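Close look at the chain arrangement
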Amino acid sequence: MSLSFQVKKHVIPHTALCSIQMIFNQTVITNLNHTDFHGSGYTSMAVIYGVFSASNLISPSVVAIIGPQLSMFVSGIFYSIYIAVFIQPSTWSFYTASVFLGIAAAVLWTAQGNCLTINSNENTIGRNSGIFWALLQSSLFFGNLYIYFAWQGKLHISENDRRTVFIALTVISLVGTVLFFLIRTPEESNSEEEDADASTDNLIERTSGQSNMTRAVDAFKRSIKLCVTKEILLLSITTAYTGLELTFFSGVYGTCIGAVNKFGTEEKSLIGLSGIFIGIGEILGGGIFGLLSKNNRFGRNPVVMLGIVVHFVAFYLIFYNMPNDAPIASIHGTDSIAFMEPSKEVAIFCSFLLGLGDSCFNTQLLSILGFLYSEDSAPAFAVFKFIQSVCAAIAYFYSNYLLLQWQLLIMAVVGFFGTLSFFTVEWEAPAFVAKNTDYSSI
């Protein structure tokens, strides 16, 4: 089974959650807060990413025990539950579901990273990472396309509009979750004779509680030891930046656009259009970098350099175009003006740049992790998501309080140093792999 077909199954439940992150985080909740519901989208995402980060410490153990396929299925169920909460939201169920989603997300991302690596080798990991990212981020395009047309010209999100969207997203998520059972591992592609020969050993191993416990403990130990290696410490700065900018483009920037009263009656539908163009940037970047990885004599550094340049341009334009108080504006929006009259075209162009730059960083991080830790990918991807989610949680927390200029400054500084640290690891990667062909001893 091709990797691209397997990735499409992960895309379906992710389509639903990406739409929520991009559009509903603070915008929908702001429209709910005049009812008995009194939650915060930023706080919910901070809870999700906080729990997500802590759960990454145990997610390799879960994947080691039950395998990547079942891990993704169970996680998908909790994704669907979180989405369904918005059909008839209450404050307690909203925050409770946020906690469980954080745990599920850690297991899901570790499992899919493991699935990506075991279906790749050192020659195809770059290509497959690009394909994976392009298909994954196509969720931004389809979910937001619906929102753009459904909410065009609406100043407030009605209860009927909200329920219609979330019922549809819940069904989509459940369908995608069931499709996880169709994913096959490389071992399942062997001949029936080989499968029969190995069946007895596999049965003994899976029915042994001691064996499962040993694998779980070993996976946890490897994750902890991996955190203090030179390569992971350097890549942690780059990963931290992806967490900060993930929060910005998936939650904060859409809220900023929806809060600008100068955009008139289109401000809410522009959130959907922004998500569409972020998705286009993600898909374009993932597809192009996946194809270019076939001829990677220049390595991953040029792609990361392109990413930081694109993001710096986007930050500069956002700083000039968006009001400084847009991230923390009330339900009534803001009438403030930055250094220029707010432009819809510039705002949407910045959305595209944010998506393109994000794809530059994430495709190359997935690629280099799969290259460096091909023999022990689950702990490596768990550490990656742990760092990213901690920083995303921190960013969601300060997004409640910081003006736009300070959020942009934080990302610019961390992004600069993250790019330099990635360069260092990439330059030393071939020598690192040559000396460490077996990471089971880490």
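Residues numbered from 1 in each chain as written. Predicted model: local features only at pLDDT ≥ 70, side-chain atom pairs only at ≥ 80, totals over all residues. Heavy atoms only, no water.

- As recorded in an unreviewed UniProt entry, the chain goes by UNC93-like protein MFSD11 and comes from Podarcis muralis.
- Looking at the Sequence similarities (unreviewed entry) heading of the UniProt record, one finds this comment for the chain: "Belongs to the unc-93 family."
- As its UniProt record puts it under Subcellular location (unreviewed entry), the chain is described as follows: "Membrane". (UniProt positions renumbered as here; feature names shortened; annotations may be inferred.)

Focus: the overall build of the chain
- Within the chain, the secondary structure is distributed over 15 helices and zero strands.
- When each of the 442 residues of the chain is scored for burial, the buried share is 56%.
- Element-wise, carbon and sulfur atoms account for 66% of the exposed surface of the chain, whose accessible area totals about 18,000 Å². (Helix = DSSP H or I, 4+ residues; strand = E, 2+ residues; numbered from the N terminus. Buried < 20%, exposed > 50% of the residue type's maximum accessible area, 1.4 Å probe, protein only. Areas by Shrake-Rupley, 256 points an atom, 1.4 Å probe, with all protein chains shown as cover.)

A short note on the packing of aromatic side chains
- Going through the model one piece at a time under the given rule, you end up with 17 aromatic pairs.
- Look at Tyr 320 and Phe 339: their rings are 4.9 Å apart centre to centre, the planes differ by 40 degrees, and that puts the pair in the tilted class. One end of the pair, Tyr 320, is in helix H12 (residues 301-321); the other, Phe 339, is in the loop between H12 and helix H13 (344-372), and 19 residues separate them in sequence.
- Overall, the relative accessible area of 31% leaves Tyr 320 in the partly exposed class.
- A network of ring pairs unites the aromatic residues Tyr 82, Phe 86, Phe 94, Tyr 95 and Phe 166 as a single cluster. (Phe/Tyr/Trp six-rings, centres within 6.5 Å; stacked < 30°, edge-to-face > 60°.)

Some points on the environment of Ala 429
- Note on placement: Ala 429 falls in helix H15 (residues 404-435).
- Sequence separation between Ala 429 and Leu 372 is 57 residues, and the spatial gap between their C-alpha atoms is 6.9 Å.
- In contact with Ala 429, other than residues within four places in its own chain, are Phe 371 and Leu 372. (Contact = heavy atoms within 4.5 Å.)

Focus on the packing of H13 against helix H14 (residues 377-398)
- Packing of H13 against H14 brings their axes to within 10 Å, and their N-to-C directions diverge by 145 degrees. Remark: the crossing between H13 and H14 carries right-handed chirality. For the pair formed by H13 and H14, the contact residues are Asn 362, Leu 365, Leu 366, Leu 369 and Gly 370 on the first element and Ala 380, Phe 381, Phe 384 and Gln 388 on the second.
- Partitioned by chemical class, the residues of the contact of H13 with H14 number six nonpolar, three polar and no charged. (Axes fitted to C-alpha atoms, helices over the stretch in contact; angles between N-to-C directions. Left-handed = near helix turned anticlockwise from the far one by under 90°. Nonpolar A, V, L, I, M, F, W, Y, C, P; charged D, E, K, R; others polar.)

Quick notes on the side chain of Ser 59
- Within the fold, Ser 59 resides in helix H4 (residues 59-85).
- For Ser 59, a relative accessible area of 0% puts it in the buried group.
- Beyond its immediate sequence surroundings of up to four residues, Ser 59 is in contact with Ala 106, Val 107, Thr 110 and Ala 382.

Some words on the UniProt feature "transmembrane region" (unreviewed entry) in the chain
- With numbering aligned to this structure, UniProt lists the feature "transmembrane region" (unreviewed entry) at residues 62-85, 92-111, 131-151, 163-183, 270-291, 303-320 and 404-425.
- Note that residues 92-111 is 100% helix and 0% strand, and that its end C-alpha atoms are spaced 29 Å apart.
- Its end C-alpha atoms 32 Å apart, residues 404-425 is made of 100% helix and 0% strand.

Notes on the pattern of salt bridges
- In this structure the tally under the stated criterion is two salt bridges.
- Glu 426 is the partner of Arg 300 in a salt bridge, and the nearest nitrogen-oxygen pair spans 2.8 Å. Of this pair, Arg 300 sits in the loop between helix H11 (267-292) and H12 while Glu 426 is found in helix H15, placing the two residues 126 residues apart along the sequence.
- Using a relative accessible area of 12% as the deciding quantity, one classes Glu 426 as buried. (Salt bridge = Lys/Arg side-chain N within 4 Å of Asp/Glu carboxyl O.)

Observations concerning H12
- For H12, which comprises 21 residues, the first-to-last C-alpha distance of 30 Å matches the rise-based estimate of 30 Å (1.5 Å per residue) to within 8%.
- For H12, every residue scored as buried is listed here: Asn 301, Val 303, Val 304, Gly 307, Ile 308, Val 310, His 311, Ala 314, Phe 315, Ile 318 and Asn 321. (Expected span 1.5 Å × (residues − 1).)

Some points on the nonpolar core
- Ranked by internal contacts, the top residues of the largest apolar core, which has 96 residues, are Phe 248, Tyr 253, Ile 318 and Met 322.
- Sort the elements by how many residues they give to this core and H13 lands first, with 14 residues.
- If you count residues domain by domain, this core takes at least three from each of domain 1 (10-185) and domain 2 (229-441). (Core = buried A, V, L, I, M, F, W, Y, C linked by side-chain atoms within 4.5 Å. Domains from an automatic or database assignment.)

Section: helix H7 (residues 159-179)
- Spanning 21 residues, H7 covers 31 Å between terminal C-alpha atoms, matching the ideal 30 Å at 1.5 Å per step.
- Taken together, the buried positions of H7 are occupied by Asp 161, Arg 162, Val 165, Phe 166, Leu 169, Thr 170, Ser 173, Gly 176 and Thr 177. Considered in projection along H7, the buried side chains sweep an arc of 150 degrees and stay on one side of the axis. The exposed residues of H7 that point more than 90 degrees off its buried face are Asn 160 and Val 178. (Arc of directions from axis to C-beta.)

Quick word on the packing of H4 against H7
- Contact geometry for H4 and H7: axes closest at 9 Å, N-to-C directions at 175 degrees. Judged on the interaxial angle alone, H7 and H4 are roughly antiparallel. Contacts between H4 and H7 involve Phe 73, Gly 76, Ile 77, Tyr 79, Ser 80, Ile 83 and Ala 84 from the first element and Phe 166, Leu 169, Thr 170, Ser 173, Leu 174, Thr 177 and Val 178 from the second.
- Residue classes in the contact of H4 with H7 are distributed as nine nonpolar, five polar and no charged. (Parallel < 35°, antiparallel > 145°, perpendicular 65-115°, else oblique.)

As for the environment of Phe 248
- If you trace the backbone, Phe 248 turns up in helix H10 (residues 230-259).
- Given a relative accessible area of 2%, Phe 248 falls into the buried group.
- Setting aside anything within four residues of it in sequence, one finds Phe 248 in contact with Tyr 253, Ile 318, Leu 354, Leu 404, Gln 407, Leu 408 and Met 411.

Comments concerning a nonpolar patch on the surface
- On the surface, a cluster of nonpolar side chains totalling about 720 Å² of accessible area is made up of Ile 237, Phe 312, Trp 406, Leu 409, Val 413, Phe 416, Phe 417 and Leu 420.
- No other element matches the six residues that H15 contributes to the nonpolar patch.
- Mapped onto the fold, Leu 409 is located in helix H15.
- Taking relative accessible area as the criterion, Leu 409 reaches 44% and is therefore assigned partly exposed. (Patch = residues over 30% accessible without salt bridge, like charges linked within 9 Å, V, L, I, M, F, W, Y side chains within 5 Å.)

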